[in-house]
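Working through the structure, step by step
Listed below, chain by chain, are the residues.
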Amino acid sequence: MNRQSIFFTISVSFIISIFLVIISFLILITHDYRMKEGQLLDKYIPVTKMINRQDEIGFDEEFIKSLEEINYKLFIQMSQINAVTSNSKTKILFERTHPKHGDVFKILSLDDINYIYMKKKGEIILIQDNNTTNSSSHIYIILVFAILFITIILVYLITFRKLMPLKILKDKVKTLGDENFDFECCNTNAKDEVSLLAIEFKKSALKLKSVKEARNIFIRNIMHELKTPITKGKFLTQLEQNAENNEKLKSVFNRLESLINEFASIEELISSNKNIEKRFYYLDDIVDNAKDILMVEDEHVILEYENKKLEINFKLFSIAVKNLIDNAIKYSPNKEVFIKTEGENIIFENIGNELKFPLENYFEPFFSNEDKQKDSFGLGLYIIHNILKANSYILEYEYTDGINRFICKKGESSTI
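This one's a predicted model, so the numbers in the text were calculated from it and none came from an experiment.

Side note on the overall build of the protein chain
The helix and strand tally for the protein chain stands at 10 helices and 12 strands. Taking all 416 residues of the protein chain together, the buried fraction comes to 37%. Expressed as a percentage of contacts within the protein chain between residues at least 6 apart in sequence, the contacts between residues at least 24 apart total 62%. Accessible surface for the protein chain amounts to roughly 25,500 Å². Of this, 54% is attributable to carbon and sulfur atoms.

Laid out in structure tokens, this is it:
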């Protein structure tokens, strides 16, 4: 594992934490054991001293009775003593042997009852404590440290799980250089920093995908749209030079210039998520500008609309109207388009065949129409769809009695 990795640092930190917890646990257990020893000695040393004094003169009934009054019972017979000392369940709580005399002093425990075991000069005495109160503080210490240990492990696992998407994220980011923009990583519904970072990277990937898509559309649209003025310009250069032909050639160059500006606007719209600037313009001005860009004769565009005032981006909306007019004329046998208004909606009608696919299919870039003899107008509808959406409009389609109706339906407030 890379020592500079955040995962390595976290793992080492948790290992150190667990080690410190174990050391603390051992220290506390040892301290608790010693405290318990001290408490037992404080309780039983006075009793042993009293037994030692009485042992010199012998244990009479009065002494045994006095022990019972303070809840102690004296065992002298070996059968009774062995019943305790030889029992496998007997625990030694404390043991001390005199280094010179060999005297033995023990504190034993059996069935939660403490016993004082004394061996002096070969004589064995056992005293039973009938008032045993063994504290169980070490059980609480073990319980607390077990909970703490499990908590540290769980925190480590949760932290590691939370940070694990960083590895996936790192690998995904590497693929961006290979133009792999299908960026799916982590739980995008979560609100932690790693998930938010993944969401931001996903947005960046989609942004890059949009930019790439915009470049492709930009190039393909240039190739398609520039054919007509270039062909017309070539033809005019072969004609006799006179004022009329020069004027026509000039209009061709103006058309080329407007197309370049149009393409730049389309590219900016598709590749940018920024809100476009909108102002109020009359529909007449928008349609006139669209016809000028398209270089279409007035007789091909029949106007039957109310001259409304629209809140739109003039340049972009003119491009959308231009494309709608161009499509209607191109795919109509009589080369005519009717522009109407119904309420706040703008409608483009033409006589022609019904679309072979649902309208939403044509919103996909480079959607290929089955009619190979004509230029696919899926790209045009893709551009129209994006421009209308940016201007708070949606595009709907109807086909009735041989008439295509493309309806620019207002979404939010766009007219006055």
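That covers the picture; the talk isn't over yet.
Notes on the confidence of the model for the protein chain
Of the residues in the protein chain, 81% have a pLDDT of 70 or more, and the chain-wide mean is 80. The model gives residues 370–378 a pLDDT under 50, and that stretch makes 17 contacts with residues more than four places away or in other chains.

A word on the nonpolar core
One recurring pattern in soluble globular proteins is that nonpolar side chains are buried together. In this structure, Phe317, Ile325, Phe348 and Leu395 are the most contacted members of the largest nonpolar core, which totals 38 residues. For this core, the element with the highest residue contribution is helix H9 (residues 314–330), accounting for 9 residues. Other than its neighbours up to four places away in sequence, leucine 395 contacts Leu324, Leu359, Phe363, Leu381, Ile384, Leu388, Phe406, Ile407 and Cys408.

Some points on the packing of aromatic side chains
One pass over the full model with this rule turns up 9 aromatic pairs. Judged by centre distance (5.0 Å) and plane angle (45 degrees), the ring pair of tyrosine 397 and phenylalanine 406 falls under tilted. Overall, the relative accessible area of 9% leaves phenylalanine 406 in the buried class. Following the ring pairs from residue to residue traces out a cluster consisting of Phe14, Tyr156 and Phe160. The ring of tyrosine 117 has lysine 106 lying over it, and the distance from NZ or CZ to the ring centre is 5.4 Å.

Things to note about unusual backbone geometry
Here the phi dihedral of asparagine 71 falls at roughly 65 degrees; this positive angle occurs in a residue that is not glycine. With respect to the secondary-structure elements, asparagine 71 resides in the loop between helix H2 (61–69) and strand E1 (72–75). Judged by relative accessible area, asparagine 71 falls into the partly exposed class, the value being 36%. The phi dihedral of lysine 335 is positive, around 55 degrees, even though this residue is not glycine. Within the secondary structure layout, lysine 335 lies in the loop between H9 and strand E9 (337–342). Residue lysine 335 is classed as partly exposed on the basis of its relative accessible area, which comes to 36%.

A word on helix H1 (residues 6–55)
A rise of 1.5 Å per residue sets the reference length of H1, with its 50 residues, at 74 Å; its end C-alpha atoms lie 71 Å apart and thus fit the reference within 8%. A bend of about 35 degrees at tyrosine 44 is the largest found in H1, and the proline proline 46 appears one to four places after it.

Brief notes about the UniProt feature "transmembrane region" (unreviewed entry) in the protein chain
When the UniProt feature table is mapped onto this chain numbering, "transmembrane region" (unreviewed entry) sits at residues 7–29 and 139–160. The annotated region residues 7–29 carries 100% helix and 0% strand content, and the separation between its end C-alpha atoms amounts to 33 Å. A helix fraction of 100% and a strand fraction of 0% characterise residues 139–160, whose end C-alpha atoms lie 31 Å from each other.

Notes on the sheet that holds strand E5 (residues 123–129)
Ordered in space as E1-E5-E4-E3-E2, the 5 strands form an open sheet in which the pairing is antiparallel. Both edges of this open sheet fall to E1 and strand E2 (91–97), since each of them pairs with a single strand only. This sheet shows a mean twist of 15 degrees between the axes of neighbouring strands, independent of strand direction. Sheet topology note: the strand E4 (residues 113–120)/E5 ladder contains 7 bridges and is antiparallel. Residue pairing across strands places tyrosine 117 opposite leucine 126, the latter belonging to E5.

Focus: the pairing of strand E3 (residues 104–110)
Counting buried residues in E3 gives 7 out of 7 residues, a clear majority hidden from the surface. Burial of the side chains of E3 extends over both faces: Val104, Lys106, Leu108 and Leu110 are buried on one face and Phe105, Ile107 and Ser109 on the other. The antiparallel pairing of E2 with E3 creates a hairpin that spans 6 residues between the two strands, and glycine 102 there sits at a positive phi of about 80 degrees. Relative to E4, E3 runs antiparallel, the two sharing 7 bridges. What sits directly across from lysine 106, in E4, is tyrosine 117.

Quick word on the packing of helix H8 (residues 283–294) against H9
The axes of two packed helices give the description: the angle between them and the distance between them. H9 packs onto H8 with a crossing angle of 65 degrees between their chain directions and a minimal axis gap of 8 Å. Where H8 crosses over H9, the handedness of that crossing is right-handed. Counting all contacts with H8, which are made through Asp285, Ile286, Val287, Asn289, Ala290, Lys291, Ile293 and Leu294, the residues of H9 involved are Phe314, Phe317, Ser318, Val321, Lys322, Ile325 and Asp326. By residue class, the composition of the contact of H8 with H9 is 9 nonpolar, 2 polar and 4 charged.

Side note on the environment of glutamine 80
Within the secondary structure, glutamine 80 is located in helix H3 (residues 78–85). When its relative accessible area of 33% is taken as the criterion, glutamine 80 is described as partly exposed. Between the C-alpha atoms of glutamine 80 and leucine 126, which are 46 residues apart in sequence, the distance is 8.6 Å. Those residues within four positions of glutamine 80 in sequence are excluded, and the remaining contacts are Phe75 and Leu126.

How each quantity is defined
Residues numbered from 1 in each chain as written. Predicted model: local features only at pLDDT ≥ 70, side-chain atom pairs only at ≥ 80, totals over all residues. Heavy atoms only, no water. Helix = DSSP H or I, 4+ residues; strand = E, 2+ residues; numbered from the N terminus. Buried < 20%, exposed > 50% of the residue type's maximum accessible area, 1.4 Å probe, protein only. Contact = heavy atoms within 4.5 Å. Areas by Shrake-Rupley, 256 points an atom, 1.4 Å probe, with all protein chains shown as cover. pLDDT = per-residue confidence, 0-100. Core = buried A, V, L, I, M, F, W, Y, C linked by side-chain atoms within 4.5 Å. Phe/Tyr/Trp six-rings, centres within 6.5 Å; stacked < 30°, edge-to-face > 60°. Lys NZ or Arg CZ within 6 Å of the ring centre and 35° of its normal. Expected span 1.5 Å × (residues − 1). Bend = angle between axes of the 7 residues up to and from the residue. UniProt positions renumbered as here; feature names shortened; annotations may be inferred. Pairing = 2+ DSSP bridges. Axes fitted to C-alpha atoms, helices over the stretch in contact; angles between N-to-C directions. Left-handed = near helix turned anticlockwise from the far one by under 90°. Nonpolar A, V, L, I, M, F, W, Y, C, P; charged D, E, K, R; others polar.

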